[in-house]
Amino acid sequence: MKKHTRTRALVLAGTAAALVASLVAAGPAPAAPAAAKVASVHGGGTIFFPYSAEDDIRFTVEAESVPWSKPYPAPGLEKGLPTDARGRVTISHRFKENGFTGTAEAEVDCLVTGGRTATLTAVVTSSNVGWEGKRIGISVQDGQRGEPDRLGFSWGVANVDVKPDGTVAEPRVGTCMAPAPFTEVTKGTFRVTPAPLSPRPAA
C-alpha cells in the first residue's frame, strides 16, 4: 500500500472514531430511576347497608402509603412495616328512627392494596359514640366497567370472637385487618391506586 493511501486510511479511521465518540457524548443521558409508586385511597360516598336500609351512612377516606415509617418496639419491627400509612377516615351514620347522627374521625395507620381493592385501618381520635382509641378496619373496591364502588367495615357483621364459654366479644382490630367490601356505594366515588409492597430497607 502506498504511503499516502495508508495515511488517508488512518485519517478516515480517526475521523470515524471521533464522530462516534461525539455522538455517544451528545446522546440522551440514561433515564433516572422512576419514583416508587405510592398506594393510596381517596374519595367519599354513601353506602347501602341492608341492616340499616333507611339510614344515611357516609364514609370519606384519604389515605396513602408511607412504608417503613412507624417503628415498633419489637424485634424485626424496628423499621416499621411496608404497610405503614397516613391519612384520615371520617364516618357519619344518621339513624332515621330517632334522627341521631353518630360520627367518628380516625387517623390511618395501615394500608395495603391488591389490584383495585384496598384494606386499611385507622385509630379513632374523636367520636360522639365513645369510640376514641378504637382501631377500625375499612376495605374499598374501586368499581370498573360500570360496576359500583364497594366498601366494607369491621363492625356490625364481622370481627366477633366467640369464647370457649359461649360468650361473645368484639376483639381489637389488628393493622390492615378488614372484611371484604360487602356494601355498595350508592352515591360518591372512591379511587384506589395500587402499588406493590415496598422493599425492606437496608440495615
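This text goes with the structure placed above it.
Rules of the game
- Residues take numbers from 1 onward in each chain, read along the sequence in its written order.
- Two thresholds apply to this predicted model, a pLDDT of at least 70 for residue-level local features and 80 or more for giving and counting side-chain atom pairs, whereas whole-chain, interface and lining totals are computed over all residues.
- With hydrogens and water set aside, each side-chain value is computed from the structure's full complement of heavy atoms.
- Any two strands with at least two DSSP-identified bridges between them are counted as paired.
- Only runs of H or I of at least four residues qualify as helices and only runs of E of at least two qualify as strands under DSSP, and these elements are numbered from the N terminus.
- Whether two aromatic rings pair depends on their centres lying within 6.5 Å, for rings of Phe, Tyr and Trp, where Trp uses its six-membered ring; planes under 30 degrees apart make the pair stacked, over 60 edge-to-face, and the rest tilted.
- We call a residue buried when its accessible area falls under 20% of the maximum for its residue type, exposed when it is over 50%, and partly exposed in between, using a 1.4 Å probe and counting protein chains only.
- Here, a salt bridge means any Lys or Arg side-chain nitrogen found within 4 Å of an Asp or Glu carboxyl oxygen.
- Under this definition, polar contacts are N or O atom pairs within 3.5 Å; protein pairs additionally need one hydrogen-donor-capable and one acceptor-capable atom, and for neighbouring residues in sequence, both atoms have to be side-chain atoms.
- Contacts were defined at the residue level, with two residues in contact if any of their heavy atoms lie within 4.5 Å.

Asks: Which residues make up the pairing of strand S4 (residues 101-114), and what values do they have?
Replies: As paired strands, strand S3 (residues 85-94) and S4 are joined by seven bridges and run antiparallel to one another. Across the sheet, threonine 90 pairs through a bridge with glutamate 105, a residue of S4. Connecting S3 to the next strand, S4, in antiparallel fashion are six residues, including glycine 99 with a positive phi near 80 degrees. In terms of strand pairing, S4 meets strand S5 (residues 117-127) through 10 bridges, oriented antiparallel. Looking across to S5, one finds that leucine 111 is bridged to leucine 120. Here S4 hands over to S5 after two residues, with glycine 115 in that stretch at a positive phi of 65 degrees.

Asks: Run through the packing of aromatic side chains, naming residues and quoting values.
Replies: For the structure shown, the criterion picks out nine aromatic pairs. For the ring pair phenylalanine 59 and tryptophan 155, a centre distance of 6.2 Å and an interplane angle of 35 degrees mean the geometry is tilted. Taken together, the residues phenylalanine 59 in strand S2 (residues 56-65) and tryptophan 155 in the loop between strand S7 (150-153) and strand S8 (161-162) connect sequence positions 96 residues apart. This pair shows no difference in class: phenylalanine 59 is buried, exactly as tryptophan 155 is.

Asks: Please provide a residue-by-residue account of the pattern of salt bridges, values included.
Replies: For the structure on display, the rule yields nine salt bridges. For the salt bridge of glutamate 54 with lysine 96, the shortest nitrogen-to-oxygen distance reads 3.9 Å. With a gap of 42 residues between them, glutamate 54 in the loop between strand S1 (40-48) and S2 and lysine 96 in the loop between S3 and S4 connect regions that are remote in the sequence. Lysine 96 carries the same exposure label as glutamate 54, and that label is exposed. For arginine 86, the salt bridge identified is with glutamate 64, shortest N-O distance 2.6 Å. Of this pair, arginine 86 sits in strand S3 while glutamate 64 sits in strand S2, and the two are 22 residues apart along the sequence. By relative accessible area, which is 27% here, glutamate 64 ends up partly exposed. Overlapping salt bridges, with partners in common, bring together Arg88, Glu105 and Glu107 in one network.

Asks: Describe the side chain of threonine 121, with residues and values.
Replies: With respect to the element layout, threonine 121 can be found in strand S5. A polar atom in the side chain of threonine 121 sits 3.0 Å from the backbone nitrogen of cysteine 176. In contact with threonine 121, other than residues within four places in its own chain, are Glu107, Val108, Asp109, Cys110, Arg135, Ile136, Gly137, Val173, Gly174, Thr175, Cys176 and Met177.

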